[in-house]
Amino acid sequence: MEQRLVLAHSPDADDAFMFYALTQGKIETSPIFYEHVLHDIQTLNELLMQGKLEISAASVHACAYLARRYAILTSGASMGEGYGPIVVAKRKFPLEDLTRYPVAVPGTLTTAFLALRLCLGLFPFIVMSFERIMDAVINDEVPFGLIIHEGQLTYSDAKLVKVLDLGEWWSQETGLPLPLGVNVIRKDLPEETKRLVAQHIRASITYALTHRDEALAYALQFGRGLDLKRGAQFVSMYVNELTVDMGERGKEAITTLLERAAKLGFVPHCDVEFVGA
């Protein structure tokens, strides 16, 4: 029997790359048919809070609030191996200044925001769209900006300097990758449906990695100014073996992040569940 499910993800190059095979009909998914919905990650997090999406990309940070209703799929995670969101400024600053002066952040449910809290503790911040943050720093609206997505590769073009790399910090702290984004699925879906969805997402990622040129050409439509070289670099940063299947190391990275945040009172305590293919 045919089943139609909403699959929501962000219009970013890494998501476009991993979902290329699903969006372009490169793999067979019958009896499930997917309706693709695109929103920025902050909007997706908010829709998930309301239980409005069946399958969606989500910030790992948001999973602390979603654990009752959603499980984490073991395929589709974006994890930084020694790299991640960065704090930039117009000149070098001592790290302690980040707790004294405002940091522009791309949403309080992003994992980048949670990781910065784990690193610094409490700090002054201003929420703005991630697309505005670099310009806000350049125009002296704020002294610091927390940069995600392709800005991690392009900030130096704007003559900004790196103050802190949260992926480097997390790796030094834990030896684990920094888990930024995952795919989640509603727990109330039938077990067979959840298993099939997990298989389809894993197959889509595997297809993209084995047909890299065509998947990358598609993904660069969503690259916001990335050229081919940087687009390939950005995609390879966040679509890799851990994306195909996070394994025990990826699960440990997620639980470690959320447990540390819960101990500090930044998120509620939760037991996250994982669904694999």
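Below you will find a few notes about this structure. Because the structure is a prediction, the values reported are computed rather than measured.

**Concerning unusual backbone geometry**
Going from Ser30 to Pro31, the amide bond is cis rather than trans, its omega being 15 degrees. Relative to the elements of secondary structure, Pro31 occurs in the loop between helix H2 (20–23) and strand S2 (32–38). With a phi angle near 60 degrees, Lys159 is a residue other than glycine that sits in the positive phi range.

**Structural notes on the sheet that holds strand S9 (residues 161–165)**
Pairing is mixed in the open sheet, where five strands are placed in the order S7-S6-S8-S5-S9. Two strands in the sheet have a free side with no partner beyond their single neighbour: strand S7 (125–127) and S9. Averaged over neighbouring strand pairs, the angle between their axes works out to 30 degrees when direction is ignored. Pairing between strand S5 (residues 86–89) and S9: four bridges, direction antiparallel. Residue Ile86 lies in a different strand from S9, and its bridge partner there is Asp165. Strands S5, strand S6 (103–105), S7, strand S8 (144–147) and S9 of the sheet are contacted by helix H5 (residues 111–120), whose axis makes an angle of about 125 degrees with S8. Of the strands in this sheet, S5, S6 and S8 touch helix H6 (residues 130–138), which is tilted by about 155 degrees from S8.

**Regarding the nonpolar core**
Ile55, Leu116, Val182 and Val197 are the most contacted members of the largest nonpolar core, which has 96 residues in total. In contact with Val197, not counting residues within four places along its chain, are Leu5, Ile32, Tyr34, Ile55, Leu73 and Ile185. Judged by nonpolar contacts, the second largest core, of twelve residues, contains Ile86, Ala104, Ile133 and Val142.

**Quick word on the side chain of Asn183**
Inspection of the secondary structure puts Asn183 in strand S10 (residues 178–186). On the basis of relative accessible area, Asn183 is assigned to the buried category, the value being 2%. Every residue in contact with Asn183, bar those within four places of it in the chain, is listed here: Met18, Phe19, Ser56, Ala57, Ala71, Ile72, Leu73, Ser75, Gly76 and Ile201.

**Describing helix H10 (residues 212–219)**
All buried positions along H10 are accounted for by Ala215, Leu216, Tyr218 and Ala219. The buried residues of H10 occupy an angular sector of 160 degrees when projected down its axis, which confines them to one face. Facing away from the buried side of H10 by over 90 degrees, the exposed positions are Asp213 and Ala217. Elements that come into contact with the buried residues of H10 comprise helix H1 (13–18), H2, helix H9 (191–210) and helix H11 (228–238).

**Quick word on the pattern of salt bridges**
One pass over the full model with this rule turns up 13 salt bridges. Across the salt bridge formed by Glu141 and Arg132, the nearest N and O atoms sit 2.8 Å from each other. Among the residues examined, Glu141 registers a relative accessible area of 45% and is labelled partly exposed. Two residues, Lys187 and Glu273, come together in a salt bridge whose shortest N-O distance is 3.1 Å. Here Glu273 lies in the loop between helix H13 (247–263) and strand S11 (274–275) and Lys187 lies in the loop between S10 and H9, a separation of 86 residues in the sequence.

**What to know about the packing of H5 against helix H8 (residues 166–174)**
With their axes 10 Å apart at the nearest point, H5 and H8 run at an angle of 55 degrees to one another. If you check the angle between H5 and H8, you find them oblique. Every pair of crossing elements has a handedness; the one defined by H5 and H8 is left-handed. Where H5 approaches H8, its residues Ala112, Ala115, Leu116, Leu118 and Cys119 are matched on the opposing element by Leu166, Trp169 and Trp170. Classifying every residue of the contact of H5 with H8 by side-chain character gives eight nonpolar, no polar and no charged.

**Some points on the sheet that holds S11**
Here six strands make up an open sheet; going across it, the order is S2-S1-S3-S10-S4-S11 and the pairing mixed. Single-partner strands in this sheet number two, and they are S2 and S11. Both strand S1 (residues 3–9) and strand S3 (residues 55–59) contribute to a ladder of two bridges, which runs parallel. Across the sheet, Ala8 pairs through a bridge with Ser56, a residue of S3. Sheet strands in contact with H9 are S1, S2, S3, strand S4 (70–80), S10 and S11, and its direction is about 15 degrees off that of S4. Contacts from H13 reach S4, S10 and S11 within the one sheet, and its direction differs from that of S10 by about 95 degrees.

Reading the values: rules and limits
All chains use their own residue numbering, which begins from 1 and follows the written sequence. Reporting of local features is limited, given that this is a predicted model, to residues whose pLDDT is at least 70; pairs of side-chain atoms are given and counted only at 80 or more, and all residues count toward the totals for whole chains, interfaces and linings. Values shown for side chains rest on all heavy atoms present in the structure; no hydrogens or waters enter the calculation. Each helix is a run of DSSP H or I of at least 4 residues and each strand a run of E of at least 2, with the numbering of both proceeding from the N terminus. At least two bridges found by DSSP between two strands are what make those strands a pair. For helices, the axis comes from a line fit to the C-alpha atoms of the stretch in contact; other axes are also lines fit to C-alpha atoms, and the angle between any two N-to-C directions lies between 0 and 180 degrees. Only heavy atoms matter for contacts: two residues are in contact if any of them lie within 4.5 Å across the pair. The term nonpolar core refers to a set of buried residues drawn from Ala, Val, Leu, Ile, Met, Phe, Trp, Tyr and Cys, joined through side-chain atoms within 4.5 Å. Relative accessible area decides the class of each residue, using a 1.4 Å probe on protein chains only: under 20% of the type maximum gives buried, over 50% gives exposed, and in between gives partly exposed. Read the arc as the range of directions from the helix axis to the C-beta atoms. For this analysis, a salt bridge means a side-chain nitrogen from Lys or Arg found within 4 Å of a carboxyl oxygen belonging to Asp or Glu. Roughly parallel covers angles under 35 degrees, roughly antiparallel covers those over 145, roughly perpendicular covers 65 to 115, and oblique covers all other angles. Whether a crossing is left-handed or right-handed is set by the direction in which the near helix is turned from the far one by less than a right angle, anticlockwise for left-handed and clockwise for right-handed. Residue type decides the class: Asp, Glu, Lys and Arg count as charged, Ala, Val, Leu, Ile, Met, Phe, Trp, Tyr, Cys and Pro as nonpolar, and the leftover types, Gly among them, as polar.

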